[in-house]
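The lines below spell out each chain.
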Amino acid sequence: MTAASLVARCVHGLEPTVAAEVLRRGLGVITHIGHREVHFRVARSPAPPGLIGDLRTADDVFLLAAQGSDVGVSRKGAAALAGLAGAADLAVLARLRRHHGGLGAITGVEVSASFLGRRNFTRYDVEDAVGHALAARLGVGYHSRRGGGAPPPGHSGWRVTLDGERATLLLRIAERPLHRRAYKRRSVPGTLHPPVAAAMVAMAGIEPGDTVLDPCCGAGTLLIEAVRQRPGIRAHGFDLAWQAVTAARENAAGLPVAVTWADAGRLPVPDDVADRVLANPPWGGQVAPGGLLAVSAGRWWAELRRVLAPGGTAVVLLPGISELPLGISQGLTPVHLQRVRVAGAESFLVRWTAPRLG
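Quick caveat, the model's predicted, so the values are computed rather than measured. (Residues numbered from 1 in each chain as written. Predicted model: local features only at pLDDT ≥ 70, side-chain atom pairs only at ≥ 80, totals over all residues. Heavy atoms only, no water.)

A. The arrangement of the pattern of salt bridges in detail. Under the criterion given, the structure shown has 18 salt bridges. The salt bridge partner of Arg 9 is Glu 37, with a shortest N-O separation of 3.1 Å. A residue pair is termed long-range when its members are at least 10 positions apart, and Arg 9 in strand β1 (residues 5-9) and Glu 37 in strand β3 (residues 37-42) qualify at 28 residues. An identical accessibility class is assigned to Arg 9 and Glu 37; each is buried. Between Asp 60 and Arg 172 there is a salt bridge whose closest N-O contact spans 2.6 Å. Placement of Asp 60 in strand β4 (residues 60-69) and of Arg 172 in strand β8 (residues 166-172) is noted, with a sequence separation of 112 residues between them. Arg 172 sits in the buried class, given a relative accessible area of 11%. (Salt bridge = Lys/Arg side-chain N within 4 Å of Asp/Glu carboxyl O. Helix = DSSP H or I, 4+ residues; strand = E, 2+ residues; numbered from the N terminus. Buried < 20%, exposed > 50% of the residue type's maximum accessible area, 1.4 Å probe, protein only.)

Here's what the structure looks like:
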């Protein structure tokens, strides 16, 4: 079978991280990196087992169905995108999707669309133009997203993207997006997007046997991603909200993750105990700081420095670079900074190291 061209969609800013994961896992050869997507060709056939589930830092993975020129900004351009549906080899796509672990039969169509820049049409105009054309070719029903309702079970997920140069049609391989983790049974305000958590785990360089702490663990996403990527670690989470503690314990059920109620400004652990710290602290955006952190943001950094072992590493999600001086004032050194967009806002993933003894 011809090697498939796949496209991994991701959070803006994680494109290099996703490309590195594809290469590290030997999943394929990178052919293009664009806005929120990484194109790659499967390196061998049959595809490596677990191809789809193995990509932790991607939001989703699609088959490349068809490509053409961006249609521009005029309203009639949206209707012209129906030509993408006509260019797709639907029989080959169905075989490739089944080959890579997805469903074979296409029993219905639903389409999501996105584009860069201002246009004289809406995403729904694009979705309906392409969706109706696909459904007509396949002889199946089309579910429009204009009404906001969920598509019926079994509808295949298609995506259309316009980046200013190219119009691309994609077919989702799995039944649902990869970022919808099965373990995420409970959520809390400010819960971290799982692929972002997976990227933070990869950035931390966790080794087997490491002690990994999350001082404000929320629903436990960071630690769950850590134990799934790095078996054999000791993972401990803390949170001041009992709702978060309960959610984290339920999400981590059956996994080696311990979750305790505690104030992130005074953790119930000895000095220098953590080889790695992963954290998405409550900076006041979706979640307001509480306890000792409400008194002083500097308290969080002081406690991080206390628990982090000499030479240890912390990866922290920051809402802005104005937070950097507080960490530096505690003797921590920022060694890597990566800008991402989380929940529509600019944020920064920062890797810190603690000074070594001597």
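B. Examining the sheet that holds strand β11 (residues 257-261) more closely. Judged by pairing direction, the sheet is mixed, and its 7 strands sit side by side in the order β11-β10-β9-β12-β13-β15-β14 without closing on themselves. With one partner strand each, in any of the chains shown, β11 and β14 (333-342) form the two edges of the open sheet. Here the strands of the sheet are splayed against their neighbours by 15° on average, with no regard to which way each runs. As paired strands, strand β13 (residues 308-318) and strand β15 (residues 345-353) are joined by 6 bridges and run antiparallel to one another. Its bridge partner lying in β15, Val 316 is registered against Val 350. Together, β12 (274-279), β13, β14 and β15 form the strand contacts of helix α7 (residues 194-204), whose direction differs from that of β13 by roughly 155°. (Pairing = 2+ DSSP bridges. Axes fitted to C-alpha atoms, helices over the stretch in contact; angles between N-to-C directions. Contact = heavy atoms within 4.5 Å.)

C. Representation of the pairing of strand β9 (residues 211-214) in the model. Here β9 shows two buried faces, one formed by Thr 211 and Leu 213 and the other by Val 212 and Asp 214. Sheet topology places β9 next to strand β10 (residues 234-239); 4 bridges connect them, and they run parallel. Counterpart to Thr 211 in the pairing with β10 is Arg 234. Crossover connection from β9 via helix α8 (residues 221-229) to parallel β10: handedness right-handed. Bridging between β9 and β12 involves 2 bridges; their strand directions are parallel. Counted as the bridge partner of Leu 213 is Val 277 from β12. (Right-handed = clockwise from strand over helix to strand, strands pointing away.)

D. Up close: the domain arrangement of the protein. Domain boundaries in the protein define domain 1 (5-172) and domain 2 (194-354). Computed over C-alpha atoms, the centres of domain 1 and domain 2 are 34 Å apart. Taken together, the contacts link 9 residues of domain 1 with 12 residues of domain 2. Buried area between domain 1 and domain 2, both sides added, is near 900 Å², and the carbon and sulfur share of it is 60%. A salt bridge links Arg 56 to Glu 225, with the shortest nitrogen-to-oxygen separation between them at 3.1 Å. Across the contact surface, domain 1 and domain 2 share 4 residue pairs in polar contact (both at pLDDT 80 or more). Of the residues assigned to the side of domain 1 that touches domain 2, the class counts are 3 nonpolar, 4 polar and 2 charged. (Domains from an automatic or database assignment. Buried area = accessible area lost by both parts, 1.4 Å probe. Polar contact = N/O pair within 3.5 Å; in protein donor to acceptor, adjacent residues only side chain to side chain. Nonpolar A, V, L, I, M, F, W, Y, C, P; charged D, E, K, R; others polar.)

E. Main features of helix α9 (residues 242-251). Buried residues of α9: Ala 244, Val 245, Ala 247, Ala 248 and Asn 251, and no others. Down the axis of α9, the buried set is contained in an arc of 165°. They therefore lie on one face. (Arc of directions from axis to C-beta.)

F. How the structure looks around the side chain of Asp 214. When you line up the elements, Asp 214 lands in strand β9. Of the side chains with opposite charge, Lys 184 comes closest to the buried, unpaired Asp 214, at an N-O distance of 11 Å. If sequence neighbours within four positions are ignored, Asp 214 has contacts with Leu 222, Leu 223, His 236, Gly 237, Phe 238, Leu 278 and Ala 279. (Lys, Arg positive; Asp, Glu negative; His and termini not counted.)

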